[in-house]
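Here is how the chains run, residue by residue.
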Amino acid sequence: MRVPLSSQPTRIATLSKSPQAGSVITPARHALLGKLVPPSSLDSMSDKIKDEEKTTALDVPKKNVVFDGAQEHSSEVTLVTSKLSAEYRLSSLQKSKSLASCLNVQDVDWRYRRPNIVGHRGSVYHALENTINGFQISSEIGCDAVELDVFLLRCGELVVFHGVGTDQNPGCLREYCNIEGSILDFTAKEARQMRFNPYFDEFVCGPECVIKGHEKGHNYIPTLEEVLLELRDSTELQIKIELKGPNTEIPTLELVERLGMVDRCHFSSFKHSRIRRIRDLRPMLKEDGTHKYRTGALFSYQVPTNFVETALAHGASEVHLRYDTCTVERINAIHNAGMSSMAWFRGPRGMRKDVAEKYHDVGNEDEKMYKTVMATGVESMCINKPDVVLDMIRRTNHLIAV
């Protein structure tokens, strides 16, 4: 496996002149001079540097830089060599860590049960995200479910779309479609005519796939009804519907009921009030005591200490944690509270960033990353590369089918 830059030793070089007035090298920084510094030694060092640099700063004139190996000179200012600046390099090394240690996983090779595999926005490495074509491919490769995102447009139609932006400004179109504004500003008919930006780096199926999909009529923003009808009639997939936009919960619930798909659909949101409203309207239980209408409380990177209580208070039947926050302890707490668990993976851009800057022990949604998350005991995984883990499941005897 490629060793990330942030896990390699850092070569320190020296300057041929003393720092100028106003430029100070602190004792903790000076301890790094002329050494190969492994990441493991940076934790305590970084704390000292932060304390010392509250009142000092490193100001290095580039014209004085002379790379002369690993010499030590107590009066000289240091500079991290290679392509990265000292500040960026030190920051990268500090952040590099093990995903297994974050999740408190001791052994990624133990025998564990097969989780449910959910295609995140479909099968995004094979087809454009949130399209009927992508969902069909997810079914063909063996996914148990797909996840999709829903907005209610000003015409009253529900559409399947993600976009960029924040919870306060969701569904932005600029990077997705080279259009200013939000999907919320348009009707479903107008949205259907939009063309996706083939060079947006979140679309990991590639420019050719996006362009050809337009030509073949595959790549458009579909209505939720179109998607549900197609998946109901041609697949056995479960559908995890994220209530992405405002005021989506009631019309989505009504549509799912009208199509007779309550047993196939799950409702989830980061806005927990949306799933609370569904639970208030549909509190019914099945004979085994579980909720007939399944709802998921989504949590971002900052998981509150009372996340189980929060999920229960909003009537959730499932808790969805980001993949690098679903520790063994949290998963056990979810199951002990009688709820199901799911690990959701970030979009392709976010995953690339995490592997490059944070986790040195796994690749970008490679088998080791999936095994590490699976070892927490999580019941479902919402992932960008379902074919990778499904292939692993088919050819390994380390997994036991549920």
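Residues numbered from 1 in each chain as written. Predicted model: local features only at pLDDT ≥ 70, side-chain atom pairs only at ≥ 80, totals over all residues. Heavy atoms only, no water.

Tell me about the overall build of the protein chain, residues and numbers included.
Across its full length, the protein chain holds 16 helices and 14 strands. Put simply, the protein chain has 402 residues, and 52% of those count as buried. A separation threshold of at least 6 residues defines the contact pool for the protein chain, and within that pool the share at least 24 residues apart is 69%. When the accessible surface of the protein chain is split by element, carbon and sulfur atoms take 49% of a total near 18600 Å². (Helix = DSSP H or I, 4+ residues; strand = E, 2+ residues; numbered from the N terminus. Buried < 20%, exposed > 50% of the residue type's maximum accessible area, 1.4 Å probe, protein only. Contact = heavy atoms within 4.5 Å. Areas by Shrake-Rupley, 256 points an atom, 1.4 Å probe, with all protein chains shown as cover.)

How would you sum up helix H16 (residues 386–395)? Please name residues and give values.
For H16, the full list of buried residues reads Pro386, Val389, Leu390, Met392 and Ile393. Seen end-on, H16 carries its buried residues on one side only, within an arc spanning 155°. Summarising the geometry of H16, the exposed residues directed more than 90 degrees from the buried face are Arg394 and Arg395. (Arc of directions from axis to C-beta.)

Describe the pairing of strand S8 (residues 238–243), naming the residues involved and giving the relevant values.
Extensive coverage of S8 is indicated by the burial of five of its six residues. In this structure, strand S6 (residues 145–152) lies alongside S8, joined through six bridges in parallel fashion. When the bridges of S8 are listed, Ala145 appears paired with Gln238. Sheet topology note: the S8/strand S9 (residues 265–269) ladder contains four bridges and is parallel. Note that in S9 the partner of Glu242 across the bridge is Ser268. One crossover worth recording links S8 to the parallel S9 by way of helix H10 (residues 249–258), and it is right-handed. (Pairing = 2+ DSSP bridges. Right-handed = clockwise from strand over helix to strand, strands pointing away.)

Describe the packing of H10 against helix H11 (residues 272–281), with residues and values.
For the pair H10 and H11, the least separation of the axes is 9 Å and the interaxial angle reads 50°. In terms of orientation, H10 and H11 fall into the oblique class. Once H10 is placed against H11, the crossing between them reads as right-handed. Taken together, the residues of H11 that come into contact with H10 (itself represented by Glu249, Ile250 and Leu253) are Arg274, Arg277, Ile278 and Leu281. When its residues are assigned to classes, the contact of H10 with H11 shows four nonpolar, no polar and three charged. (Axes fitted to C-alpha atoms, helices over the stretch in contact; angles between N-to-C directions. Parallel < 35°, antiparallel > 145°, perpendicular 65-115°, else oblique. Left-handed = near helix turned anticlockwise from the far one by under 90°. Nonpolar A, V, L, I, M, F, W, Y, C, P; charged D, E, K, R; others polar.)

Can you lay out the nonpolar core for me, pointing to particular residues and giving the numbers?
In this structure, Leu228, Phe345, Val373, Met381 and Val389 are the most contacted members of the largest nonpolar core, which totals 67 residues. Of all hydrophobic cores here, the second largest spans 21 residues; its members include Phe151, Val164, Phe196 and Phe203. (Core = buried A, V, L, I, M, F, W, Y, C linked by side-chain atoms within 4.5 Å.)

An account of the environment of Val319 is needed here, citing residue identities and associated values.
Checked against the element boundaries, Val319 lands in strand S11 (residues 318–322). Classification of Val319 by relative accessible area gives buried; the value is 0%. In the structure, Val319 is positioned 23 residues away from Met342 in sequence and 6.3 Å away in space, judged by C-alpha atoms. Not counting residues up to four positions away in its chain, the partners in contact with Val319 are Ala297, Phe299, Phe307, Ala311, Ile334, Met339, Ser340, Ser341 and Met342.

Explain the pattern of salt bridges residue by residue, including any values.
The tally for this structure, following the rule as stated, stands at 25 salt bridges. The shortest N-O distance in the salt bridge between Arg114 and Asp144 comes to 2.8 Å. Note that Arg114 is positioned in the loop between strand S4 (112–113) and strand S5 (116–120) and Asp144 in the loop between helix H5 (132–141) and S6, a separation of 30 residues in sequence. For Arg192, the salt bridge identified is with Glu226, shortest N-O distance 2.9 Å. Remark: Glu226 occurs in helix H9 (residues 224–234) and Arg192 occurs in helix H7 (residues 188–192); sequence separation between them is 34 residues. Judged by its relative accessible area of 25%, Glu226 falls in the partly exposed class. Shared partners join several salt bridges into a network, and the residues in it are Arg121, Glu129, Glu175, Asp201, Glu202, Arg349 and Arg352. (Salt bridge = Lys/Arg side-chain N within 4 Å of Asp/Glu carboxyl O.)

Run through the packing of helix H15 (residues 367–374) against H16, naming residues and quoting values.
Running from N to C, H15 and H16 cross one another at 75°; their axes reach a closest spacing of 10 Å. By the angle class used here, H15 and H16 are roughly perpendicular. Here H15 contributes Glu367, Tyr370, Lys371 and Met374 to the contact with H16, which in turn contributes Val388, Val389, Met392 and Arg395. Looking at the contact of H15 with H16 residue by residue, the class counts come to five nonpolar, no polar and three charged.

Could you give me a rundown of the pairing of S5, with the residues and numbers involved?
Across the five residues of S5, four count as buried, placing the element largely inside the fold. For S5 and S6, the ladder comprises three bridges, and the chain directions are parallel. Among the inter-strand pairings, Gly119 is bridged to a residue of S6, identified as Val146. Assessed by its sense of winding, the connection that carries the chain from S5 through H5 to S6 is right-handed.

Account for the packing of aromatic side chains, with residues named and values stated.
This structure, assessed with the given rule, holds eleven aromatic pairs. Judged by centre distance (6.0 Å) and plane angle (85°), the ring pair of Phe299 and Phe307 falls under edge-to-face. For the pair Phe299 and Phe307, one class covers both residues: buried. Connected via pairs of aromatic rings, a cluster forms that spans Phe151, Phe161, Tyr176, Phe196, Phe200 and Phe203. Over the face of the ring belonging to Tyr125 we find Lys385, whose NZ or CZ atom lies 5.0 Å from the ring centre. (Phe/Tyr/Trp six-rings, centres within 6.5 Å; stacked < 30°, edge-to-face > 60°. Lys NZ or Arg CZ within 6 Å of the ring centre and 35° of its normal.)

Summarise the state of the cysteines; cite the residues concerned and give the values.
Applying the stated rule across the entire model yields zero disulfides. You can see Cys143 has no disulfide; the closest cysteine sulfur is in Cys382, sitting 9.5 Å from it. Under the relative-accessibility criterion, Cys143 is labelled buried at 9%. (Disulfide = S-S within 2.5 Å.)

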